[in-house]
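# Structural features, examined
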Amino acid sequence: MAATAESLLTDERKQLIEAVRDFAQRRCGTREQRDALTDNGQHPHNMEIYKEMAELGWLGVAVPEEYGGSGGGMVDLSLFLEETMRGQIPIGGFGVTMITAGAYERFGTEEQKERVLSGVVAGNVEAIAMSEPGSGSDVGSMRCKAERRNGSWVVNGHKTWISEAHLAEHILLIARTDTGGAKHEGISMIEIPANAEGIEIRGIETMGGRVVNDVFFTDVEVPAENLIGQEGNGWMQLMSGLNYERLIIAAMALGMAQRAFDDALEYIKEREQFGRPIGTFQSLKHRVADLATEIECARLLVYDVSARVDANPGAMFPREASMAKLKATEVAKKVALEGMQ
C-alpha cells in the first residue's frame, strides 16, 4: 500500500518540521539575512548556521543512534531536506554529506563509521570524488589511480566538479586500483583527509557560487586501512547507493519547488493590475492550481519511495527512486519557470 503524507507525519516529525520552519524564518527569513549569510549568494553553505543546526541535533536526523544521531530513516531525511530547501537555509553541503555518509554506513569499518558519522552529527561536511575531466557519467573510464606502496595507498590524478571539497573534512575518493580487468572492475573507495599533503583544491566558479571544485592529487599517501569496503568492488558499492542519492536529490528538489511556488503565490496576491491583485484573474488561478497539483504529486511519490526504502532496508528501488528524482526535479524547474513568467 502506498504511503500517504498524513500517515507518515507522526507528531514527532511534525514537530521537527515546525522547528526547522521556525529556525529558517528567524535566521534566514529575509533576503537581507540570506545575502549576509551567503556573501550575496556566492557561498551557499554557511558553516555558522550549519554548526547551529548540529547543536540542535538535526544533522544526525538519519544517522544511527550509536554514532550520535537520531536513528531516523529515509522518510525523516526527506522531510528534513524538503523543509531546509523550502526555507532556503544555506546548508548546501548537507545533501552531498549525507550521500557520502551513506557509503561509510554501508561499507565502512566500525572505526571509520565512528569517525565519519559522528563527525557528520557534529557538523562536519563530507565530499565524494568521482567525476574527472574525461569521465562523468561513464565512471568506468576514470584514470585517477591509487597504488599500493609500502603499506599505503599513493594517489595521483585529477577529479573535477567535486561538490563542497573546499569545506570537507574528508574526500571519499573513487579511484582505479587495478587496470587488469574490465573497465568497471578494479575501482575502489578510499578515504582521503582533505588536508592531506599533495592535495590541491581549486574552486570552479559557476552561477551557483562556490560549490564545485577541481581536486588534484599528487603522490597523496594515506594508510592502507583507509580503504572503504572491498578493494576492486567500488563500482558495485557506488551502484548500491544510487537510490539513496536519487531520493536525497528528489527531496531537495521538492523543497525548491515548494519555495518557488510560495514566492510566486505571495507575489500574485500583492501585485495589482486593473485595480485588483493579479492572482484574482482566472487564467492565473488555473496555472497556480496546476502547479500545486504537480507539487503534491511529486511529494506523494518522494514520500512513498522513502517509506519503501525504510520498510525494506536491503532492497533496491532503481525504478521508483529514479521516478521520484525525475518527477521532483522536473517539477522544481517547471514551478520556477512558471513563477518567473
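The text that follows walks through the structure, step by step, so that each part is easy to find.

What counts and what doesn't
- Residues numbered from 1 in each chain as written.
- Predicted model: local features only at pLDDT ≥ 70, side-chain atom pairs only at ≥ 80, totals over all residues.
- Heavy atoms only, no water.
- Buried < 20%, exposed > 50% of the residue type's maximum accessible area, 1.4 Å probe, protein only.
- Helix = DSSP H or I, 4+ residues; strand = E, 2+ residues; numbered from the N terminus.
- Pairing = 2+ DSSP bridges.
- Core = buried A, V, L, I, M, F, W, Y, C linked by side-chain atoms within 4.5 Å.
- Contact = heavy atoms within 4.5 Å.
- Polar contact = N/O pair within 3.5 Å; in protein donor to acceptor, adjacent residues only side chain to side chain.
- 1 Å grid on protein atoms, 1.4 Å probe; cavity = no way out; pocket = protein on both sides within 12 Å on 5 of 7 lines; lining within 4 Å.
- Points joined across faces, edges and corners; volume = space filled by probe spheres on them.
- Nonpolar A, V, L, I, M, F, W, Y, C, P; charged D, E, K, R; others polar.
- Phe/Tyr/Trp six-rings, centres within 6.5 Å; stacked < 30°, edge-to-face > 60°.
- Salt bridge = Lys/Arg side-chain N within 4 Å of Asp/Glu carboxyl O.

Side-chain direction in a regular strand flips from residue to residue, so the side chains alternate between the two faces of the sheet. Extensive coverage of strand 1 (residues 125-129) is indicated by the burial of five of its five residues. As paired elements, strand 1 and strand 4 (residues 168-176) share five bridges and run parallel to each other. By the bridge assignment, Ala127 is partnered in strand 4 with Ile171.

With 57 residues, the main nonpolar core has Met53, Leu77, Ile89, Phe94, Met98 and Ile248 as its most contacted residues. Listed by contribution, the elements that provide at least two residues to this core are helix 2 (11-28), helix 4 (47-55), helix 5 (74-86), helix 6 (94-107), helix 7 (110-122), helix 9 (242-270), helix 10 (282-311) and helix 11 (318-340). For this core, the leading source of residues is helix 9, giving 11 residues. When near neighbours in sequence (up to four residues on either side) are disregarded, Met53 contacts Phe23, Trp58, Leu59, Phe80, Thr84, Ile89 and Ile91. Grouped together as the second largest cluster of nonpolar side chains are 23 residues, Ala127, Ile171, Leu173 and Phe217 included.

To continue, consider the side chain of Gln112. Assignment of secondary structure puts Gln112 in helix 7. Judged by relative accessible area, which is 2%, Gln112 ranks as buried. Here Leu227 takes part through its backbone oxygen, which lies 3.0 Å from a polar atom of the side chain of Gln112. Apart from residues lying up to four places away in sequence, Gln112 is in contact with Tyr104, Leu117, Glu191, Glu225, Asn226, Leu227 and Ile228.

What the rule picks out here adds up to one cavity of 30 Å³ or more. Each pocket or cavity is described by its volume, and for the largest cavity that value is around 30 Å³. Lining the largest cavity are Leu81, Thr84, Met85, Ile91, Gly92, Phe94, Gly95 and Met252. Mapped onto the lining of the largest cavity, the elements with two or more residues apiece are helix 5 and helix 6. In the lining of the largest cavity, the residues fall into five nonpolar, three polar and no charged.

A few words on the packing of aromatic side chains. Tallied over the full model, the rule gives four aromatic pairs. The interplanar angle of 80° and the centroid separation of 5.4 Å between the aromatic rings of Phe80 and Phe94 together place this pair among those described as edge-to-face. Here the residue Phe80 occupies a position in helix 5, and Phe94 occupies one in helix 6, the gap between them amounting to 14 residues. Exposure class is identical for Phe80 and Phe94. Each is buried. Taken together through their ring pairs, the aromatic side chains of Phe23, Tyr50, Trp58, Phe80 and Phe94 make up a single cluster.

To continue, consider the layout of surface pockets. In this approach a probe as big as a water molecule rolls over the atoms, and the regions it shows empty are the leftover space. The calculated volume of the largest pocket comes to roughly 1,700 Å³. Along its surface, the largest pocket is lined by 48 residues, and Pro44, Met85, Gly92, Met252 and Met256 are the ones closest to its centre. Contributions of two or more residues to the lining of the largest pocket are made by helix 2, helix 3 (31-38), helix 5, helix 6 and helix 9. Sorting elements by how many residues they give to the lining of the largest pocket places helix 9 first, with 10 residues.

Moving on, we come to the pattern of salt bridges. Enumeration according to the criterion identifies 22 salt bridges in this entry. Two residues, Arg26 and Asp22, come together in a salt bridge whose shortest N-O distance is 2.9 Å. Placement of both Arg26 and Asp22 in helix 2 is noted, with a separation of four residues, approximately one turn of the helix. The shortest N-O distance in the salt bridge between Lys159 and Glu132 comes to 2.9 Å. In this pair, Lys159 is assigned in strand 3 (residues 152-159) and Glu132 in the loop between strand 1 and strand 2 (145-149), connecting sequence segments 27 residues apart.

Here the focus is the environment of Ser131. Here Ser131 shows up in the loop between strand 1 and strand 2. For Ser131, a relative accessible area of 23% corresponds to the partly exposed category. As for Ser131 and Asp214, which are separated by 83 residues in sequence, their C-alpha atoms are 9.7 Å apart. When residues no more than four places from it in sequence are discounted, the contact partners of Ser131 are Gly136, Lys159, Thr160 and Ile162.

Structurally, the position occupied by Asp214 is in strand 7 (residues 209-223). A polar side-chain atom of Asp214 sits 2.9 Å from a polar atom in the side chain of His158. Within the local environment of Asp214, its side chain forms a polar contact with the side chain of Thr160, the two groups lying 2.6 Å apart. The residues contacting Asp214, other than those within four sequence positions of it, are His158, Lys159, Thr160, Glu200, Ile201, Arg202 and Ile204.

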